[in-house]
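Tertiary structure, described
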Amino acid sequence: MSNLFPAAAIRAARKNVVSLLEGFLFSMVLTLLTLVLLQVFTRYVMQLAIPWTEEVARIVLVWTVMLGATIAADRNEHYAITVLSGKLRGAARLTMLLVTNVLGIAFLITLVIYGTAYMVANIETLNVATQTSRAWVYAALPGCALLMTLSLVFQSIEAWIEGPDAAVQVRAVAGDV
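One structure accompanies this document, and this report is about it. All values derive from a computational prediction rather than experimental measurement.

What follows covers the environment of Q39. Along the chain, Q39 turns up in helix α1 (residues 7–45). Residue classification places Q39 among the buried residues on the basis of a relative accessible area of 14%. Residues Q39 and A49 lie ten residues apart in sequence; the distance between their C-alpha atoms is 7.3 Å. If sequence neighbours within four positions are ignored, Q39 has contacts with T53 and E54.

Glancing now at the packing of aromatic side chains. The tally for this structure, following the rule as stated, stands at one aromatic pair. The interplanar angle of 70° and the centroid separation of 4.8 Å between the aromatic rings of Y118 and Y138 together place this pair among those described as edge-to-face. Of this pair, Y118 sits in helix α3 (residues 90–121) while Y138 sits in helix α4 (residues 135–138); the two residues are 20 residues apart in sequence, bridging distant segments of the chain.

It is worth spelling out the side chain of R14 at this point. Here R14 is to be found in helix α1. On the basis of relative accessible area, R14 is assigned to the buried category, the value being 14%. Other than its neighbours up to four places away in sequence, R14 contacts D74, S151, F154, Q155 and E158.

The next point concerns the environment of L38. Looking at the element boundaries, L38 is found in helix α1. For L38, a relative accessible area of 31% gives the class partly exposed. Beyond its immediate sequence surroundings of up to four residues, L38 is in contact with W52 and T53.

Glancing now at unusual backbone geometry. Notably, N76 is not glycine yet its phi reads approximately 60°, a positive angle. One can find N76 in the loop between α2 (51–74) and α3. Residue N76 is classed as buried on the basis of its relative accessible area of 18%. Located in the positive-phi region is Q131, a residue other than glycine, with phi close to 55°. Tracing the backbone shows Q131 in the loop between α3 and α4.

The rules behind each value
Residues numbered from 1 in each chain as written. Predicted model: local features only at pLDDT ≥ 70, side-chain atom pairs only at ≥ 80, totals over all residues. Heavy atoms only, no water. Helix = DSSP H or I, 4+ residues; strand = E, 2+ residues; numbered from the N terminus. Buried < 20%, exposed > 50% of the residue type's maximum accessible area, 1.4 Å probe, protein only. Contact = heavy atoms within 4.5 Å. Phe/Tyr/Trp six-rings, centres within 6.5 Å; stacked < 30°, edge-to-face > 60°.

What follows is the structure, encoded as structure tokens:
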């Protein structure tokens, strides 16, 4: 199995994709900050409302949140309850990791399917100020859910090859519950 899917190559590919996403996310946060500052300045200092700044800021915020969630999912930084998984070792821990990943993948695929349907249904709906399709906003859900799905698939392959302790370090935000 390790010849078919070399764990080091998978890990390197994931790292490269996440690095690109981090750079893009950084630029989106700067864009969001710039838009909000522009909006505040023009509205309260110049007494002039620029309608598109609020709309574009909302679109950028949605994409920022979804890309941030994608990066957090790849790093295993989402909230986790580790009461059971922290006590398991070897095959039992691997089984638990794979089962939870399969459940996560099923949920994310559901988001991709229904998110895509919602996005397609709103292709002709336009944002008021920018006159752009609302599909661009709704594309964040299926797009990032697909990236999270791929991340879970690759994490599962790594865990299968190297074992759950070597491949995936689970960090709980609130510690062991």
